[in-house]
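# Coordinates in review
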Amino acid sequence: MTGAIPSIALVGNPNAGKSSLFNALTGARQKIANYPGVTVERKAGHASFADGRPISLIDLPGTYSLTPASLDEAVTRDVVLGRQEGEKRPDALIVVLDAANLDNHLCFALELLALGLPTVVALNMLDLAERDGLTLDPERLSRELGVPVVPTVAVRKRGLVELLSAIDGAIQSHQPREAVAAPRNDVSLHQRARAIARVATVDETPVRRWTQRVDRIVLHPVGGLVILLVLMFVMFQAVYAWAGPPADALEGLVGTMQQWVVATLPENFLRDLIVEGLLAGVGAVVVFLPQILILFLFILLLEASGYMTRAAFLMDGLMARVGLSGRGFIPLLSSFACAVPGIMATRAIPDEKDRLTTILIAPLMTCSARLPVYALIIAAFIPDRLVGGTPVGLQGLVLFGLYLSGIVGALVVAFVLRRTIAKGSAAGFMMEMPRYQMPQWRDIALGLWQRAWIFLRRAGTIIAMTTVVLWLLLSFPKAPEGQSQVEYSVAGRIASGLEVIVKPIGFNHDIALALIPAMAAREVAVSAMATANAIDADGDEDAMAQSLGERLQGKWSLATALAFLAWFVFAPQCISTIAITRRETNGWKWPMFMVGYLFLLAYAAAGTTYWTAVAFGLG
Amino acid sequence: MIALLDKAPLGVAVRISRIDWGAMSQDEGRRLREFGLMEGCEITPRHRGSIFSRDPLALTVGRMQVIIRAKQAAAIEIEPIAA
């Protein structure tokens, strides 16, 4: 070997426990980026051999064979064949097998072994296989395959040292040889795989009884749906109920920082910029970090436990009615956290039209960036009480209703699109259903940490920048004595122009002002209002002491607040989503279409809400 | 009488006797084979989708559980496993 750091790729079937193994090997030393040209996530990390020599590891998307059915599977093939642009061919492979599913996973392993790279097989999740009544003989398997086989239990960090030393040995002793012709993934390959699995299996009892027992309840045609609905309802209630104390603490922290800056710096332009622009704006968004983390916690738990595929199974029938497939359920549910990873996850949908429709409706799923807006308005205008003697909170119920409107809207839009511009044959739905697993706190914590970091980095960049620009636009030109600064400023005048358009749907000057910078990201609407209010309250002790919600309460009618909520169910105000749609659909046509139809819907929804509310006397 | 998988009773193991590969796209056919669904293998239909349409079908193949749509299941002929 030369002095270069060897790069090792983890490959295997979906659900082989590859990511857990990758997390166990690299710990937090990971870097998530995209492959150049394609938007498939590239997960890379570092580890070292027992003697301290460093190695680099990459975690490739799970696939069933080297013949790809989707974009991310194509990346796996291209990387192991050394064809992926910007990625050198790995020096060695770790083929990850689910010990409890050998006869299927060995097919892909045989294909990979034929490539002729130094290879070690990780016989993963051996503990679960044993719980399932399987006794395996790793040495026999190793003899059959002709490469080292190392039993691993990634979640307990068992077998990691042995795995690394085996891969070291495989690289050192590797004799370069011609790759044999790749075996076709067909009947004969399956027969070979099954034959090998049979001889490597010492003892076997009937399959997965535990998972089947749970599935009988969870996949029940009626009961299963009820469980799914209850789970989602609990999730959205929890976002509210648990986030209170940490959010208050963060808010207090921002307030303390503002006071500290006011006390420390002399009164000048810079101090105003920091206190009214940066701290008020960024602070107003950062307080929603707890809610976003709780939402992600649920999504990560559902995914890691294996429940997500069950949800897709249950929803497939409904989604087929509107021309989609259960495959789309996972990207759409991820879109509740953020449409950007959601739209990226649509790459697993093989059918083009199905995929396009899923991309176009993904922004209708209530993403976490809308939470700050919803949370602010709901807290200010919806009374915090229980609904008629039940333990259900009214605020949580309204939030649930907003999420539900997005979902119903998405289904209707999909139905129309699949019969008009995205017409095509009914999409297929083929998926493996993983067995249930205990989510591992380490994997969940790592996932949460990565999300938190992405959110904070966004707050530190896009949101900080737009708020500062907005603050400047709001602060100049200086209003003469007796006139409102916000009204007199450049931003105020632009907003007055926009107000003409949005007045019919009940929007006031505050909202018109917030809508423009919110094009960058929805949560900026909140920071924009915070900044405008901070400037408005300049010097007024009483006004400064009020929270943003309290200030809005005094200025908006309930009808306006409700219309504002309805607007954000649909409005496509997020530059990142538009950009990712452009990249994923290779052009401006579809993102433009998406923005257009969503703004129309937003306007109609806000208008209908406002006029209805006014008719009921809430104006 | 040819029995097709989409009408098969749940919970009863059957053997695949023939698959009409022409009734599905190449990709769908390949994915079926990757799941291990091919002539001669034994499967057990387990669950049908929710009340919305009872469509997707979950079945066990070996130690794996997979989901397919009724449309593909209708292209799969099955026979009882001789006792």
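Presented here is an overview of the structure given in this document. (Residues numbered from 1 in each chain as written. Chains lettered and ligands numbered in written order. Predicted model: local features only at pLDDT ≥ 70, side-chain atom pairs only at ≥ 80, totals over all residues. Heavy atoms only, no water.)

### Examining the overall build of chain A
- Scanning chain A from N- to C-terminus turns up 28 helices and ten strands.
- For chain A, the proportion of its 619 residues judged to be buried stands at 57%.
- Taking the contacts inside chain A whose residues are at least 6 apart along the sequence as the reference set, 73% of them involve residues at least 24 apart.
- For chain A, the computed accessible surface area is about 25,800 Å², with 63% contributed by carbon and sulfur atoms.
- Placing the 51 positive and 50 negative side-chain charges of chain A at their respective mean positions leaves the two points 7 Å apart. (Helix = DSSP H or I, 4+ residues; strand = E, 2+ residues; numbered from the N terminus. Buried < 20%, exposed > 50% of the residue type's maximum accessible area, 1.4 Å probe, protein only. Contact = heavy atoms within 4.5 Å. Areas by Shrake-Rupley, 256 points an atom, 1.4 Å probe, with all protein chains shown as cover. Lys, Arg positive; Asp, Glu negative; His and termini not counted. Charge placed at Lys NZ, Arg CZ, Asp CG, Glu CD.)

### A short note on the pairing of strand S2 (residues 14-19) of chain B
Residue and element names in this part refer to chain B.
- The pairing of S2 with strand S3 (residues 42-48) spans two bridges and is antiparallel. Within S3, the residue paired with arginine 15 across the bridge is glutamate 42.
- Sheet topology places S2 next to strand S6 (residues 76-80); five bridges connect them, and they run antiparallel. Looking at the pairing, arginine 18 lines up with glutamate 77 of S6. (Pairing = 2+ DSSP bridges.)

### Considerations on helix H26 (residues 558-570) of chain A
Residue and element names in this part refer to chain A.
- With 13 residues, H26 extends 19 Å from end C-alpha to end C-alpha; this agrees with the ideal 18 Å at 1.5 Å per step.
- By the burial criterion, the buried members of H26 are Ala559, Thr560, Ala561, Ala563, Phe564, Leu565, Ala566, Trp567, Phe568, Val569 and Phe570.
- Contact partners of the buried residues in H26: helix H17 (370-381), helix H18 (394-419), helix H22 (509-515), helix H23 (524-536) and helix H28 (589-615). (Expected span 1.5 Å × (residues − 1).)

### Brief notes about the interface of chain A and chain B
- Contacts between the two partners involve 48 residues from chain A and, on the opposite side, 32 residues from chain B.
- With both sides pooled, the region where chain A packs onto chain B buries about 3,600 Å², and carbon together with sulfur makes up 57% of that total.
- Broken down residue by residue, the surface that chain A buries against chain B is led by Tyr64(A), Phe313(A) and Met430(A), which jointly contribute 19%.
- Salt-bridge contacts for Asp316(A) lead to Arg69(B); the nearest nitrogen and oxygen are separated by 2.8 Å.
- For the interface between chain A and chain B, the tally reads 14 residue pairs in polar contact (both at pLDDT 80 or more).
- Looking at the side of chain A that touches chain B, the elements that each hand over two or more residues are helix H3 (102-113), helix H7 (187-200), helix H8 (209-218), helix H13 (307-321) and strand S10 (431-433) of chain A.
- Considering each element in turn, the side of chain A that touches chain B owes the most residues, nine residues, to H13(A).
- Tallied by class, the residues present in the side of chain A that touches chain B amount to 21 nonpolar, 13 polar and 14 charged.
- Two strands pair when backbone bridges link them, and S10(A) and strand S5 (residues 64-68) of chain B are joined in this way by three bridges, in the antiparallel orientation. In the sheet register, Glu432(A) faces S5(B), and the bridge partner there is Val66(B). (Buried area = accessible area lost by both parts, 1.4 Å probe. Salt bridge = Lys/Arg side-chain N within 4 Å of Asp/Glu carboxyl O. Polar contact = N/O pair within 3.5 Å; in protein donor to acceptor, adjacent residues only side chain to side chain. Nonpolar A, V, L, I, M, F, W, Y, C, P; charged D, E, K, R; others polar.)

### Section: the packing of aromatic side chains
- For the structure on display, the rule yields twelve aromatic pairs over all chains.
- Summarising the aromatic geometry, the rings of Phe233(A) and Phe400(A) are spaced 4.9 Å apart at their centres and angled 85 degrees between planes, so their arrangement reads as edge-to-face. With Phe233(A) in helix H9 (residues 223-241) and Phe400(A) in helix H18, this residue pair connects regions lying 167 residues apart in the sequence.
- Looking at Phe233(A), the relative accessible area reads 21%, which means it is partly exposed.
- Following the ring pairs from residue to residue traces out a cluster consisting of Phe381(A), Phe507(A), Trp556(A), Phe564(A), Trp567(A), Phe568(A) and Phe599(A).
- One cation-aromatic arrangement involves Arg493(A) over Tyr488(A); the distance from NZ or CZ to the ring centre is 4.7 Å.
- The ring of Trp21(B) has Arg33(B) sitting right over it, with the charged end atom 4.7 Å from the ring centre. (Phe/Tyr/Trp six-rings, centres within 6.5 Å; stacked < 30°, edge-to-face > 60°. Lys NZ or Arg CZ within 6 Å of the ring centre and 35° of its normal.)

It is worth stressing that arrangement in space is one thing and function is another; only the former is reported here.
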